[in-house]
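Structure at a glance
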Amino acid sequence: MLNRRFAGRKVLFLATVYSHLAAFHIPYIKLLQQLGCEVHAAASSAEGGMVDVQETGAICWEIPFGRSPYSPGNTKACLLLRRLLSRTHYDLIHVHTPVASFLGRLLARATHQGKTLYTAHGFHFYEGAPLRNWLVYYTAERLAARWTDGLIVMNTEDLENAQRMGFELGKDLFYVHGVGVDLDRYAASSIHENSVRVELGIPTNDLVVTCVAELNRNKNQDYLLDAWRLFSRKFTDAHLLLVGGGDAGALERKVKRERISRVHFLGYRCDVPDILQMTDVAVLVSKREGLPRCLLEAMAAGKPVVASNVRGNRDLVDHEQTGFLVELGDVPGLVCALERLAVDRKLMKEMGLRGREKMRDYSLDKVVGEMARVYCRYLAEEVGRV
């Protein structure tokens, strides 16, 4: 049981949107509250999530950030954030997402706040990124490094880039295993009656391939459909589930125009654990990732994974051990990976079990422990200064 050694200390969670905080950081808000801290949060509520954060007992502030660094609304957000920081001293500020993290670190230094931690959920500069990303985001991070007391990363490529920027592992640079996944929630024993197959009319023995990801260009469902068009002609008992919000219009038109069979658009769902349990193979073919939670969840559910060979995905998927990595744009390679699993149920099961075992390092309990050590270190430094 955690003691309340930091009673009365104030901590601010800062992100561009509340939906990010609600999706990934509620366990860490609760952790700091258990340590005795008064936790505040600041972000835009335009995409929802503020109510979920408020339900933890955190004090929430509306700061209308725009996701794009070029959004004119960020000027107002900057003014409001400066006003908040001018009237409230925080012993620790934990920033997330590019726009909020840059402005937050800048203003935290300008208003003489306590320590500032930054979690990079995937730098926007990465191997294969457009030159524009390196010019804008790498330059911004090099500048903001001087205002960053601690940097937290969650994949090996970001770790290497952070070290190139001058951060030192164990000193002001920390590697954590993602945002944590609740292994019990995705275990087969925790799933009761699974009605998803019945809902979709999918026979019990048919193959189900699932992609849980927002429908957008980065998640690259267009590439997946190109492969599925070929795969589904050979495997006529296979179904593809596309789970996630976003604009499905272009993808639905592609399915209809090219007569791609057995593709189910499920939209945003709250029953992802149930869907993953009735899934045979999970797939994610993003162009860019930090450390994808959907793969953490699929592997926690004991499912083999087919994923694009990009940063983050390759930290999780051991090629030919827990799944397959395929190169972006390699349609035949993606089809081949799916075929290898479709014809070998034993291989499917073995890969899934190995993936589930690997997720022990990424469990929520383990990551909460990793973050507790980081938080306690920086809060202790602030206590020592008082």
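Everything below is about the structure printed above this text.
The present account deals with the structure reproduced in this document. Per-chain numbering applies: the sequence of each chain, read as written, is numbered from 1 onward. Where totals are concerned, whole chains, interfaces and linings use all residues; where local detail is concerned, this predicted model gives features only for residues with pLDDT of at least 70, and gives and counts side-chain atom pairs only at 80 or more. The side-chain figures draw on all heavy atoms in the structure; neither hydrogens nor water molecules are used.

1. Re empty space enclosed by the protein
Where we set the bar: For each structure, a 1 Å grid was placed over the protein atoms alone; sets of points admitting a 1.4 Å probe that cannot get out are labelled cavities, open sets with protein on both sides within 12 Å along at least five of seven lines are labelled pockets, and lining residues have an atom within 4 Å of a point. Grid points are joined across faces, edges and corners, and a volume is the space filled by probe spheres set on the points. Helical segments are the DSSP runs of H or I of at least four residues, strand segments are the runs of E of at least two, and each set is numbered from the N terminus. Residues were grouped as follows: Ala, Val, Leu, Ile, Met, Phe, Trp, Tyr, Cys and Pro as nonpolar; Asp, Glu, Lys and Arg as charged; and all remaining residues, including Gly, as polar.
Counted by the stated rule, this structure contains three cavities of 30 Å³ or more. Considered as a void within the structure, the largest cavity measures approximately 70 Å³ in volume. For the lining of the largest cavity, the element with the most residues is helix α17 (residues 364-385), which contributes three residues. Looking at the lining of the largest cavity, its residues break down into seven nonpolar, four polar and no charged. Put simply, the second largest cavity is a space of about 50 Å³. If you go around the second largest cavity, the residues you meet are Thr210, Val212, Leu276, Ala282, Val283, Leu284, Cys294, Leu295 and Ala298.

2. Side note on the packing of aromatic side chains
Stated formally: The rule is short: rings of Phe, Tyr and Trp, with Trp giving its six-membered ring, pair when the centres are within 6.5 Å, and they are stacked under 30 degrees, edge-to-face over 60, tilted in between. Categorising residues by exposure relies on relative accessible area from a 1.4 Å probe, with only protein chains included: less than 20% of the type maximum marks a residue as buried, more than 50% marks it as exposed, and the intermediate range marks it as partly exposed. Any Lys NZ or Arg CZ that is within 6 Å of a ring centre and within 35 degrees of that ring's normal is treated as a charge sitting over the ring.
The full count for this structure, using the stated rule, is eight aromatic pairs. Each ring, one from Phe174 and one from Tyr378, has its centre 6.0 Å from the other, and the planes form 85°; the classification is edge-to-face. Highlighted residues: Phe174 in strand β7 (residues 173-175) and Tyr378 in helix α17, separated in sequence by 204 residues. Take Phe174: its relative accessible area is 11%, and that puts it in the buried class. Judged by its relative accessible area of 2%, Tyr378 is buried. Aromatic ring contacts, followed pair by pair, group Phe123, Phe125, Trp134 and Tyr138 into a single cluster. It is Arg105 that lies over the ring of Tyr118; its NZ or CZ is 3.9 Å from the centre.

3. Some points on the side chain of Gln33
Here is the rule we go by: By definition, residues are in contact when any of their heavy atoms lie within 4.5 Å.
Residue position: Gln33 is located in helix α2 (residues 26-34). Gln33 sits in the buried class, given a relative accessible area of 19%. Setting aside residues no more than four positions away along its own chain, Gln33 makes contact with Arg4, Val39, Thr56, Gly57 and Ala58.

4. So, the pattern of salt bridges
Put simply, the rule is: One speaks of a salt bridge when a side-chain nitrogen belonging to Lys or Arg is within 4 Å of a carboxyl oxygen belonging to Asp or Glu.
Enumeration over the complete set of coordinates arrives at 23 salt bridges. The partner of Lys234 in a salt bridge is Glu339, with the nearest N and O atoms 3.8 Å apart. Taken together, the positions of Lys234 in helix α10 (residues 221-234) and Glu339 in helix α15 (residues 331-342) put the pair 105 residues apart, joining distant regions of the chain. In this structure Glu339 comes out as partly exposed when scored by relative accessible area, which is 21%. Among the ionic pairs, Arg345 bridges to Asp280, the shortest N-O distance being 3.3 Å.

5. Digging into α2
For α2, the complete set of buried residues consists of Ile26, Tyr28, Ile29, Leu31, Leu32 and Gln33. The positive-phi residue at the C-terminal boundary of α2 is Gly36, with phi of around 100°.

6. Points about the sheet that holds strand β1 (residues 10-17)
In plain terms, the rule: Any two strands with at least two DSSP bridges between them are considered paired. For helices, the fitted line uses only the C-alpha atoms of the stretch in contact; every axis is such a line through C-alpha atoms, and the angle between N-to-C directions lies from 0 to 180 degrees.
Sheet architecture is open: seven strands sit in the order β3-β2-β1-β4-β5-β6-β7, paired in parallel fashion. The open sheet terminates on both sides in strands that have one partner only, identified here as β3 (59-62) and β7. Averaged over all neighbouring strand pairs, the angle between strand axes comes to 20°, with direction disregarded. With four bridges connecting them, strand β2 (residues 38-44) and β3 associate as parallel partners. Opposite His40, over in β3, you have Ile59 as the bridge partner. Contacts from helix α5 (residues 98-110) reach β1, β4 (92-96) and β5 (115-119) within the one sheet, and its direction differs from that of β4 by about 150°.

7. What about the pairing of β5?
Selection rule: When the strands point away from the viewer, a crossover counts as right-handed if the path from the first strand over the helix to the second runs clockwise.
Of all five residues in β5, five are buried, a share of seventy percent or more. Burial along β5 is two-sided: Lys115, Leu117 and Thr119 facing one way and Thr116 and Tyr118 facing the other are all buried. Of the pairings in the sheet, the one linking β4 to β5 comprises five bridges and is parallel in character. Directly across from Leu92, in β5, lies its bridge partner Lys115. Chirality of the crossover, the property in question, places the unit of β4, α5 and β5 among those that are right-handed. Pairing of β5 with strand β6 (residues 150-153), which is carried by three bridges, proceeds in the parallel orientation.

8. Overview of unusual backbone geometry
Residues other than glycine seldom take positive phi values, yet His112 does so here, at roughly 60°. Assignment of secondary structure puts His112 in the loop between α5 and β5. Looking at His112, the relative accessible area reads 64%, which means it is exposed. Backbone geometry places Arg259, a non-glycine residue, at a positive phi of 55°. Tracing the backbone through its elements, the reader meets Arg259 in the loop between α11 (249-257) and β10 (263-267).

9. A closer look at the packing of helix α4 (residues 73-87) against α5
Defined as follows: These descriptions rest on fixed angle ranges, namely under 35 degrees for roughly parallel, over 145 for roughly antiparallel, 65 to 115 for roughly perpendicular, and the rest for oblique. By definition, any crossing whose near helix is turned counterclockwise from its far helix by less than a right angle is left-handed, and any crossing with a clockwise turn is right-handed.
For the pair α4 and α5, the least separation of the axes is 10 Å and the interaxial angle reads 40°. Judged by the inter-axis angle, α4 sits oblique to α5. Relative to α5, α4 is oriented so that their crossing is right-handed. Taken together, the residues of α5 that come into contact with α4 (itself represented by Asn74, Cys78, Leu81, Arg82 and Leu85) are Val99, Leu103, Gly104, Leu107, Ala108 and Ala110. Taken together, the residues of the contact of α4 with α5 sort by class into eight nonpolar, two polar and one charged.

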